[in-house]
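Each chain, written out:
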Amino acid sequence: MKSNFEKYLESQHQHLDVEEPDDNLIWEGISNDLNKKRNTKTGLFWKAAAIIIFLVSSTYILYNEFYLSEPDIYHITLSEIEPAYAGKVANYRVDFENKLKLVDAMKPFDTKSLEAFFTELSTLDDMYKEYQEDYSNYGYNEQLLRAMLDYYEKRVRILDRMLMEIQKQKDYEKRKEEHTAI
Amino acid sequence: MKNAKKNIQQFNYLIFIVLILFSTGFSALAQAEFNEVLTFESDVDPQGIIEFKNRSFDAEIKTWKNNTVELQMDVKLKAKNKEDIDITVDAIKSIDFEGQDSRFSINTLFWESISSNINHKLKLITGKKAVLKNFEIRITLFVPKTTSIEIDNKYADIKMEEIAGKAEIKIYSGKLYGDSFGGKVQLDLRYSKAFLENIPEAEIELYDSDLKMATCGNMELKSKYSKIEIQHLGDFNFESFDDNITIEALGKFNGAAKYSEFEFGSAGSLVFDFYDCTLNGGQSVNLSGQSKYSEFRIDGAGAVKLSGSYDDSFVFGNIVSLECGESKYSDFEIKELNESFKLQSYDDNVTIDKIAADFSQVTIDGKYGDYRLNIPENAAYRLLIDMKYGKIYYPEELFVRKTYISENSNVFLDATTKNSPEDNSRIVDIKGHDNRIFINN
């Protein structure tokens, strides 16, 4: 049974639905709502990213601080230990490579006489390993770094000596030829 | 209404962040410190040996009359937590400090490994780990004066007082300020410097190091890339590579060297095997050896005997005699020769400014040589030349020719000075090929 109020609404129906719906207005509302939802998603993304960054960085710090296994001591270089020396090391390395090429280009006659220099270079390599061990055992030390830098300097010095020796061989051959010509 | 709620929420966030930052900041500032001298003491055999192993801590070794050894470690530690300090101090307290029979061992190292970044992370000898912000340790060791000592030291300086016993000292990348030693000293230096007073006998190994010493008895040296300065030295046996050695006065000198420089005042006999070396010496008794690419400048010597010379330069003051088995491309300059000169020569230059009138002989067998001899006009001698393609300049007016043959490019000359007796054994005998001989010219 319809109430009196319902009956009244039915009778007045035509008067109530006088205004047509505004489609544009409705779509604008929907669009705003959609945008609102999108903004919420973006906020969530940043929160998630911040949490991930926080977790990753804190895990890294904790891992580094407490659980990091011993690094491979023989791969530690002077430039890694003290970046201030990196430039000098790089220069010595370039110098060494260039001189090594020069030794090769000069084609020494008597390679046996140069063996002592290769032994010397190998001794230097062994000494450098010892410094790497010492760095792991005794830590950062200016004197140790100087010894490590000297490794690079000595390698160049040994190649200089080697080049001088090759030059002596060449001089000897030249003199021999000169006297043979006489 | 909504906006107010939002603002309150934002304010809460801000307070939360500020609190986190503050707590982090305060925890970083929180610091524990330790600043004390730890002392270890024990009885020792005063005639025994004390082994002292030290890494990275500067140390002073003092001697006393007590029959005890005392180690004082002045320890300064800084850490974030007191726990790190405590476990580090525990480790320091458990360093090796013990003796057996006449040997007493001290090892000041209290960690097994260390890695240093902002903090020092140490794996201690107790097996525990500690993180220190900073640490500094200075060591003073008291030992009986009569003891002998064995030091193994890296990356630290050591200052030590005079001891009566022997010493075996290894210093890598450090400095040793030593006094005098009563017994033999074995010294092994690498990238180090040592300053010592008096040593009765020494066995020394150096690598890129500096050694300064006042007085030393006999010395055995093995050295590379080093600099050595000694005021008074006994007999000196060496193996040297690219060194710089200065000795004011020394006994016998015997060794092999490559690329080294020697400088000394007076010396006993010199025995050498040199390659590309320089030797500047004062008055020496005798010289013998062989050399290549080397330079010698010696004020005076007795007999000089070279088994071989290649591309060397010899400058002598006054010498008694010189004999060289085989020489190539070398220069000999002698200010004054007293007795004899014998040379097997190839492309050498010889200049003798003055040959004593009573010399015994000058004998040269050479090729492509240039020989300049100055013999006093009053000297009575025989001149014997046998040469091909050569040239000879001599004061003919002083000589009586016995034989002179000049055929093709060959010259044979046998002459004596006018004042020469018949049976004169004093002779200048030069033979060879393509030489130039200048006598008093």
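Residues numbered from 1 in each chain as written. Chains lettered and ligands numbered in written order. Predicted model: local features only at pLDDT ≥ 70, side-chain atom pairs only at ≥ 80, totals over all residues.

## Describing the overall build of chain B
Scanning chain B from terminus to terminus reveals two helices and 37 strands. Computed over its C-alpha atoms, the radius of gyration of chain B comes to 36 Å, more than 25% above the 22 Å expected for a compact globule of 441 residues. Residues counted as buried form 39% of the 441 residues belonging to chain B. For chain B, restricting intrachain contacts to residue pairs at least 6 apart in sequence, the fraction spanning at least 24 positions comes to 34%. (Helix = DSSP H or I, 4+ residues; strand = E, 2+ residues; numbered from the N terminus. Rg over C-alpha atoms; globule rule 2.2 N^0.38 Å. Buried ≥ 20, exposed ≤ 12 C-beta atoms within 10 Å, placed from the backbone. Contact = placed C-beta atoms within 7 Å.)

## Remarks on the environment of Glu336(B)
All names here are of chain B. Structurally, glutamate 336 is set in strand 28 (residues 331-346). Through-space distance from the C-alpha of glutamate 336 to that of isoleucine 355 is 5.8 Å; in sequence the pair is 19 residues apart. Among residues more than four places away in sequence, those in contact with glutamate 336 are Asn318, Asp353 and Lys354.

## Details of the pairing of strand 16 (residues 193-207) of chain B
Here is the key point about a regular strand: its side chains alternate between the two faces of the sheet. Residue and element names in this part refer to chain B. The pairing of strand 14 (residues 175-177) with strand 16 spans three bridges and is parallel. Bridge pairing in strand 16 places lysine 175 opposite lysine 193. Here strand 15 (residues 185-190) runs beside strand 16; their pairing, made up of six bridges, is parallel. Residue pairing in the sheet places valine 185 in a bridge with alanine 202 of strand 16. Note that strand 16 and strand 17 (residues 210-224) share 13 bridges and pair parallel. (Pairing = 2+ DSSP bridges.)

## Quick notes on unusual backbone geometry
The phi angle of most residues is negative, glycine excepted, and most peptide bonds adopt the trans form. All names here are of chain B. Backbone geometry at aspartate 101 places phi at a positive 55 degrees, although glycine is not the residue there. Relative to the assigned elements, aspartate 101 resides in the loop between strand 5 (96-100) and strand 6 (103-107). Classification of aspartate 101 by C-beta neighbours within 10 Å gives exposed; the count is 8.

## What to know about the confidence of the model for chain A
For chain A, mean pLDDT is 80; residues scoring 70 or higher make up 71% of the total. When the elements of chain A are averaged for pLDDT, helix 2 (residues 13-16) of chain A gives the smallest value, 53, and helix 5 (residues 86-106) of chain A the largest, 94. (pLDDT = per-residue confidence, 0-100.)

## Remarks on the interface of chain A and chain B
Facing 16 residues of chain A, the contacting portion of chain B comprises 17 residues. Broken down by secondary-structure element, the contributors of at least two residues to the side of chain A that touches chain B are helix 6 (115-138) and helix 7 (142-181) of chain A. Here the element with the most residues in the side of chain A that touches chain B is helix 7 of chain A; it accounts for nine residues. When the residues that make up the side of chain A that touches chain B are grouped by side-chain class, the tally is four nonpolar, six polar and six charged. (Nonpolar A, V, L, I, M, F, W, Y, C, P; charged D, E, K, R; others polar.)

## Observations concerning the confidence of the model for chain B
Per-residue pLDDT for chain B averages 93, and the proportion of residues at 70 or more is 93%. Predicted complex, confidence summary: ipTM 0.78, pTM 0.81.

## Description of helix 7 of chain A
All names here are of chain A. If you check helix 7, its first and last C-alpha atoms are 58 Å apart, about what 40 residues at 1.5 Å a residue would give, namely 58 Å. Every buried residue of helix 7 is accounted for by Leu144, Ala147, Met148, Asp150, Tyr152, Lys154, Arg155, Ile158, Leu159, Met162, Glu165 and Ile166. The elements touched by buried residues of helix 7 are helix 4 (78-81), helix 5 and helix 6. (Expected span 1.5 Å × (residues − 1).)

## Section: the packing of helix 6 of chain A against helix 7 of chain A
Residues and elements named next belong to chain A. Packing of helix 6 against helix 7 leaves a shortest axis separation of 10 Å and a crossing angle of 170 degrees. Compared by their axis directions, helix 6 and helix 7 come out roughly antiparallel. Residues Phe117, Glu120, Leu121, Leu124, Met127, Tyr128, Tyr131, Asp134 and Tyr135 of helix 6 lie in contact with helix 7, whose contacting residues are Leu144, Ala147, Met148, Tyr151, Lys154, Arg155, Ile158, Arg161 and Met162. Across the contact of helix 6 with helix 7, the residue classes tally to 13 nonpolar, no polar and five charged. (Axes fitted to C-alpha atoms, helices over the stretch in contact; angles between N-to-C directions. Parallel < 35°, antiparallel > 145°, perpendicular 65-115°, else oblique.)

## Examining the sheet that holds strand 7 (residues 111-116) of chain B
Residue and element names in this part refer to chain B. An order of 7-8-9 is seen for the three strands of this open sheet, with the pairing classed as antiparallel. Looking at the sheet topology across the chains shown, the edges are occupied by strand 7 and strand 9 (129-132). Neighbour to neighbour, the strand axes of the sheet diverge by 20 degrees on average, direction disregarded. Contacts from helix 2 (residues 82-93) reach strand 7, strand 8 (120-124) and strand 9, with the element oriented near 115 degrees to strand 9.

## Here's the deal with the pairing of strand 8 of chain B
Residue and element names in this part refer to chain B. The pairing of strand 7 with strand 8 spans five bridges and is classified as antiparallel. The residue bridging tryptophan 111 from the neighbouring strand is leucine 124, located in strand 8. The hairpin turn running from strand 7 into strand 8, its antiparallel successor, is three residues long. As paired elements, strand 8 and strand 9 share four bridges and run antiparallel to each other. Within the sheet, the bridge partner assigned to lysine 121 lies in strand 9 and is valine 131. Adjacent in sequence and paired antiparallel, strand 8 and strand 9 are bridged by four residues, among which glycine 127 carries a positive phi angle near 95 degrees.

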